[in-house]
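Chain and residue survey
Take a look at the letters that make up each chain.
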Amino acid sequence: DPQQLELTTTSKRKLRRFIVIDEVVDKLYGSQVREYFEENNVQHKILALPTTEETKSMDVVLNILHEVQKFSLDRRTEPIIAIGGGVCLDIVGLAASLYRRRTPYIRVPTTLLSYVDASVGAKNGVNFLQCKNKLGGYTPPVASFLDRSFIQSIPRRHISNGLGEILKMALMKHKGLFDLLKSHGKYLLDTKFQSCSGFAGHRDAALQTTRIAIETMLEELAPNLWEDDLDRLVDFGHLISPELEMRVLPSLMHGEAVNVDMAFMTYVAHARGLLAAEDKEQILQCMRGLELPLWHRGCSWALIQRALRERLKHGGGQPRMPLPTGLGVAEIFNDTSEETLERAYELWVRD
């Protein structure tokens, strides 16, 4: 907003920023963040918090809001800054949306998963009564700042976790992205998505992969930001996984739970005759190459039934089941029989 920019740059009032940072990120980068604000003469308050699925609650949101109130920020010209993974971005987004009915906020993702997923779109929320993101809203950030250098400090398993959400977009919308993951998956894991010169044949796989993943996500989300249309390809991998993830915490990370869901749905697509056996095997092989789990003992037939009943409740009485119909192409189906689901489940468990 040009008027706000002029007000900020001409004002004699000192620039002020309230920052919420994940406590692990703070240990790694907190001194650099503080140095940045001090060098730029910005009055700041940095609140370091544990932000995990287990702590993702309204209590943490209220804790943030107490500190925001003490800092006394101007909700028009002083956006709250969230630096961390997806949980941190979700929590801060909800806190910002509640303070003075809507305070602007900025997302700075520090994990691969949040870089390609939580940084995009309008949703925020917290867990409630052991249900994932049961409380939340739709308040987009004023900006997302993407810097892949954060990703170099996260463990290999977290890289794999983020690759689960990238694979989701590849299977639903982009065969070229699927081919990139199939060809460069191990390289991306080994180099932690850093742009490295001197690796013949890999070009800049990290930049290509993240850019395509974000662009395809935006293509899906932008026309339907408030989810008025419940038929969403980006829900692939998110039919069973919310129930599974909360049930087995902390043994599965979000992207891992999503991949278990996608693996099962790949079997469903094959059982329905939508997906050739060769394509099914290519998908499963790609998942293995990305070091993602294809199955989890917690994903029982009873849990699947329960998760799909919940899906019907929130899908207007329809399952709205995205299924791959090839590599990089998909459709949404409402007519998958229980018999087909059970047959797919038996084959999945057997394999």
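Everything numeric in this text was worked out from a predicted model, so none of it was measured.

The rules behind each value
- Per-chain numbering applies: the sequence of each chain, read as written, is numbered from 1 onward.
- Under the rules for a predicted model, residues below a pLDDT of 70 receive no local features and side-chain atom pairs below 80 are neither given nor counted, while totals for whole chains, interfaces and linings still include all residues.
- For side-chain calculations, the full set of non-hydrogen atoms in the structure is used, while hydrogens and water are omitted.
- Axes, fitted as lines to C-alpha atoms, cover a helix only where it is in contact. Angles between the N-to-C directions of the axes lie from 0 to 180 degrees.
- Runs of E in the DSSP output that reach at least two residues are strands. Runs of H or I that reach at least four are helices, and both are numbered from the N terminus.
- In this scheme the handedness of a crossing depends on how the near helix is turned from the far one: anticlockwise by less than a right angle means left-handed, clockwise means right-handed.
- Contacts between residues were defined by any pair of non-hydrogen atoms, one from each residue, lying within 4.5 Å.
- Under the convention adopted here, Pro, Cys and the residues Ala, Val, Leu, Ile, Met, Phe, Trp and Tyr are nonpolar, Asp, Glu, Lys and Arg are charged, and Gly plus all remaining residues are polar.
- For every domain, the bounds stem from an assignment made automatically or drawn from a database.
- Accessible area that two parts lose when put together, with a 1.4 Å probe and added across both, is what the buried area reports.
- Salt bridges are identified by distance alone: a Lys or Arg side-chain nitrogen within 4 Å of an Asp or Glu carboxyl oxygen.
- Residue burial is assigned from relative accessible area. The probe radius is 1.4 Å, only protein chains are included, and a residue is buried under 20% of its type maximum, exposed over 50%, and partly exposed in between.
- A strand pair is defined by DSSP finding two or more bridges across the two strands.
- Expected helix span is computed as 1.5 Å times (number of residues minus one).
- Note that the bend at a residue is defined as the angle between axes fitted to the seven residues ending at it and the seven residues starting at it.
- By the criterion applied in these results, polar contacts are pairs of N or O atoms within 3.5 Å in which, for protein atoms, one can donate a hydrogen and the other can accept it, and in which residues neighboring in sequence qualify only through two side-chain atoms.

**So, the packing of helix H6 (residues 156-173) against helix H8 (residues 205-221)**
The geometry of H6 relative to H8 is characterised by a closest axis approach of 9 Å and an angle of 65 degrees between their N-to-C directions. Two packed elements cross with a definite hand, and for H6 against H8 that hand is left-handed. Between H6, through Ile-166, Lys-168, Met-169 and Lys-173, and H8, the contact on the second element is made entirely by Thr-209, Ala-213, Thr-216, Met-217, Glu-219 and Glu-220. Partitioned by chemical class, the residues of the contact of H6 with H8 number four nonpolar, two polar and four charged.

**With respect to the domain arrangement of the chain**
Under the domain assignment, the chain is made up of domain 1 (14-152) and domain 2 (155-195 + 202-224 + 232-350). Between the C-alpha centres of domain 1 and domain 2 the distance comes to 27 Å. Listed per partner, the contact involves 20 residues of domain 1 and 29 residues of domain 2. Carbon and sulfur atoms make up 68% of the area that domain 1 and domain 2 hide from each other, which totals about 2000 Å². A salt bridge links Glu-245 to Lys-132; the shortest N-O distance between them is 3.3 Å.

**What to know about the pairing of strand S8 (residues 321-324)**
Across the two faces of S8 the burial is the same, with Met-321 and Leu-323 and Pro-322 and Pro-324 all buried. When S8 meets strand S9 (residues 330-333), the two strands line up antiparallel, connected through four bridges. The partner of Met-321 across the bridge, within S9, is Phe-333.

**Here's the deal with the sheet that holds strand S7 (residues 143-144)**
Read across the sheet, five strands follow the order S2-S1-S3-S4-S7 without closing on themselves; strand pairing throughout is parallel. The strands lining the two open edges of the sheet, one partner per strand, are strand S2 (43-49) and S7. Pairing of strand S3 (residues 80-84) with strand S4 (residues 105-109), which is carried by five bridges, proceeds in the parallel orientation. Looking at the pairing, Ile-81 lines up with Ile-106 of S4. Set on the sheet, helix H2 (residues 23-39) makes contact with strand S1 (16-22), S2 and S3; between it and S1 the angle comes to about 160 degrees.

**Topic: H2**
The first and last C-alpha atoms of H2 sit 22 Å apart over 17 residues, in line with the 24 Å expected at 1.5 Å per residue. The axis of H2 is deflected most strongly, by about 70 degrees, at Tyr-29. Residues of H2 that are buried: Val-25, Asp-26, Tyr-29, Gly-30, Val-33 and Phe-37. Where H2 begins, one side-chain oxygen reaches toward the backbone nitrogen of Val-24, 2.9 Å away; that side chain belongs to Asp-22. Asn-41 occupies a position one or two residues after H2 and carries a positive phi of about 55 degrees.

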